[in-house]
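# Descriptive analysis of the structure
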Amino acid sequence: MASMLGLAMPANTVLAGPDGVHPGPMSRADAYARAAALTGLGRKMFFDRSLSASGLQACSSCHDPHHAFGPASAAPVEIGGPGMDRPGVRAVPSLRYLQAVPAFTEHFYDSDDEGDESVDNGPTGGLTWDGRADHGSDQARIPLLSPFEMANKDAGDVVARLRKAPYAGELEAVFGDKVFDDPDSAFDAAVEALGTFEQSAADFYPYSSRYDRFLAGKATLSAQELRGRALFEDEAKGNCASCHLSEPANDGEPPQFTDFGFLGIGVPRNPAIQANADPTYFDLGLCGPLRTDLKGRAQYCGLFRTPTLRNVALKQSFFHNGYFHSLRDAVAFYATRDTDPGRWYPRNADGTVRQNDDLPKTYWANLNQDPPFGKKPGGKPALTDPEIDDIVAFLQTLTDADQQAGAPPVR
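Here, residues in each chain are numbered from 1, in the same order as that chain's written sequence. Two thresholds apply to this predicted model, a pLDDT of at least 70 for residue-level local features and 80 or more for giving and counting side-chain atom pairs, whereas whole-chain, interface and lining totals are computed over all residues. In computing side-chain properties, one takes all heavy atoms of the structure into account and sets aside hydrogens as well as water.

## Details of the overall build of the protein chain
The test is simple: In this text, helices come from DSSP runs of H or I with a minimum length of four residues, and strands from runs of E with a minimum of two, each type numbered from the N-terminal end. Put simply, the radius of gyration uses C-alpha atoms, and a globule should come to 2.2 Å times the residue count raised to 0.38. For every residue, the accessible area (1.4 Å probe, protein chains only) is compared with the maximum for its type, and the residue is labelled buried under 20%, exposed over 50%, or partly exposed between those bounds. We call two residues contacting when some pair of their heavy atoms lies within 4.5 Å. Where accessible areas are quoted, they stem from the Shrake-Rupley method and a 1.4 Å probe; at the residue level, only the protein chains shown are allowed to cover.
Of regular secondary structure, the protein chain possesses 11 helices and 4 strands. Against the 2.2 N^0.38 benchmark of 22 Å for 411 residues, the protein chain shows a C-alpha radius of gyration of 22 Å, consistent with a compact globule. Structurally, the protein chain occupies a C-alpha span of about 70 × 50 × 45 Å along its principal axes. Looking at the protein chain residue by residue over its 411 residues, the buried ones come to 50%. Within the protein chain, contacts between residues at least 6 apart in sequence are counted, and of these 64% link residues at least 24 apart. Accessible surface for the protein chain amounts to roughly 18700 Å². Of this, 54% is attributable to carbon and sulfur atoms.

In structure tokens:
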């Protein structure tokens, strides 16, 4: 970052503060230099497999830069743990375009640059499927310590690995030569570096898709893509833009293709997830089990954060449980969840459809009923098959330039 702005790091730059982690007041040049150093350090950590208990898993193992920092595989969940034999319980999301996600709040009001300031949009923001981390540094703690991810026992375990890393001296240069004396401070330093790297614009929010160029008047969309865009935004058809905002904000910021809110959409239960072998286990999103502070808040059960649709065409598993494996099926599910539930949900022994089989009936009132949902079985779906194809074609315009075939290698 410093070099991009023409700033060199002065020889006497003090990057660490008196406590080793948090610097005191800094000049703008020093702040940029520190950010550049943290970005470089975080990048090395992001690709370092030695930071896992197995020695085989890095952040990049699940967040592949060649797949928009999402998983490269079609598996619904990834495998980790000390022996690389413990499956996760949720699909791995992309880390791209998280820089604009607000901190979690139960009552979100748009700013005057975004929309109507008087409307309470309900629970909004935070990272992960249940919004339980507000910042990249908070999110980075989760995989480092998760028993089915990088599986370190505690902060001290991570710090012991960092001491042996070839970039340990860089941690001391940025955070002070006593940074390793206190495991908690050293762990804070590590996740700050990871969080700073994940704010790197070129890596994580390039806004380089063909749709971005179209909005800037530098590219065109095909007739099918334009039809798909219209259907995507039509409140009586796809109504996708009600949650996946597709127009620039009032302040000119590019569209994020998410409103950062939470919805219940009743994705079918995925038998490929090992945890689901227990019929009493349910992943209820906001109200648990991974998030614990909203446990017992029935109105939040079954709600998951609306992800950005940028680079969605690169995905091979969709929704929080990775149930769907094609973008077309994901769009078709929206169009026909209620009109043709037998297409998606399993059947009971008597032939009846076990609708909403991954959500206890007591929480069904939380499921979204806005169009294209809300129709009765046997009714006419909001989207025809050709219209679904048109929306998929539009979504394919959201792939960043560096992720497209023939693009230069990702750093």
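## Describing empty space enclosed by the protein
Operational definition: Buriedness for pockets is judged along seven lines, at least five of which must meet protein on both sides within 12 Å for an open set on the 1 Å grid over protein atoms alone, while cavities are sets there where a 1.4 Å probe fits but cannot get out, and lining residues have an atom within 4 Å of a point. Grid points are joined across faces, edges and corners, and a volume is the space filled by probe spheres set on the points. Under the scheme applied here, ten amino acids are nonpolar (Ala, Val, Leu, Ile, Met, Phe, Trp, Tyr, Cys and Pro), four are charged (Asp, Glu, Lys and Arg), and all others, including Gly, are polar.
Under the counting rule described, the total for this entry stands at 1 cavity of 30 Å³ or more. In this structure, the largest cavity spans a volume of roughly 40 Å³. Taken together, the residues of the lining of the largest cavity sort by class into 3 nonpolar, 3 polar and 2 charged.

## Considerations on the packing of helix 10 (residues 327–336) against helix 11 (residues 385–395)
Rules: Lines fitted to the C-alpha atoms define the axes, with helices restricted to the stretch that makes contact. Angles between their N-to-C directions range from 0 to 180 degrees. What sets the label is the angle itself: under 35 degrees gives roughly parallel, over 145 gives roughly antiparallel, 65 to 115 gives roughly perpendicular, and the rest give oblique. Crossings are sorted by hand: turned counterclockwise from the far helix by less than a right angle, the near helix makes the crossing left-handed, and turned clockwise it makes it right-handed.
It is at 10 Å that the axes of helix 10 and helix 11 come closest, and there the two elements cross at 130 degrees. In terms of their interaxial angle, helix 10 and helix 11 are classed as oblique. Read as a crossing pair, helix 10 and helix 11 show a hand that is right-handed. Contacts between helix 10 and helix 11 involve Leu 327, Arg 328, Val 331, Ala 332 and Ala 335 from the former and Asp 385, Ile 388, Asp 389, Ile 391, Val 392 and Leu 395 from the latter. Partitioning the contact of helix 10 with helix 11 into residue classes produces 8 nonpolar, no polar and 3 charged.

## Digging into the nonpolar core
Rule in force here: Put simply, a nonpolar core is a bunch of buried Ala, Val, Leu, Ile, Met, Phe, Trp, Tyr and Cys residues held in one set by side-chain atoms that sit within 4.5 Å of each other.
If you look at the biggest cluster of nonpolar residues, it comprises 38 residues, and the most contacted ones within it are Met 45, Leu 162, Phe 175 and Phe 180. Contributing elements (two or more residues each) for this core: helix 1 (28–46), helix 3 (136–145), helix 4 (155–164), helix 5 (168–175) and helix 6 (183–197). Ignoring any residue separated from it by four or fewer positions in sequence, one finds Phe 180 in contact with Val 159, Leu 162, Arg 163, Ala 168, Leu 171, Glu 172 and Ala 186. Membership of the second largest hydrophobic core comes to 30 residues, among which are Ala 241, Ile 265, Val 267 and Ala 335.

## Some points on helix 5
Test applied: Arc, as used here, means the arc of the directions from the helix axis to the C-beta atoms.
Among the residues making up helix 5, those that are buried are Ala 168, Leu 171, Val 174 and Phe 175. Buried residues along helix 5 cover an arc of 125 degrees about the axis, so they all sit on one side. Of the surrounding secondary structure, the elements contacted by the buried residues of helix 5 are helix 1, helix 4 and helix 6. Positioned one or two residues after helix 5, Gly 176 has a phi angle of 100 degrees, which is positive.

## Topic: the state of the cysteines
Cysteine pairs can be covalently joined through their sulfur atoms, and such a bond is termed a disulfide. So the rule is basically this: When the sulfur atoms of two cysteines come within 2.5 Å, that pair is taken as a disulfide.
Evaluated as defined, the whole model comprises 1 disulfide. One disulfide bridge connects Cys 287 with Cys 301, the sulfur atoms lying 2.1 Å from each other. In this structure the cystine formed by Cys 287 and Cys 301 twists about its S-S bond by roughly 120 degrees; its chirality is therefore right-handed. Pair noted here: Cys 287 is in the loop between strand 3 (262–263) and strand 4 (304–305) and Cys 301 is in the loop between strand 3 and strand 4, with a separation of 14 residues, a long-range link.

## A closer look at the side chain of Ser 209
Tracing the chain through its elements places Ser 209 in the loop between helix 7 (201–204) and helix 8 (210–215). Not counting chain neighbours up to four residues away, the residues in contact with Ser 209 comprise Arg 310, Thr 397, Leu 398, Thr 399, Asp 400 and Ala 401.

## Quick look at helix 3
Residues of helix 3 that are buried include every one of Gly 136, Gln 139, Ala 140, Pro 143 and Leu 144, and no others. Buried residues along helix 3 cover an arc of 140 degrees about the axis, so they all sit on one side. Where helix 3 is buried, its residues touch helix 4 and helix 6.

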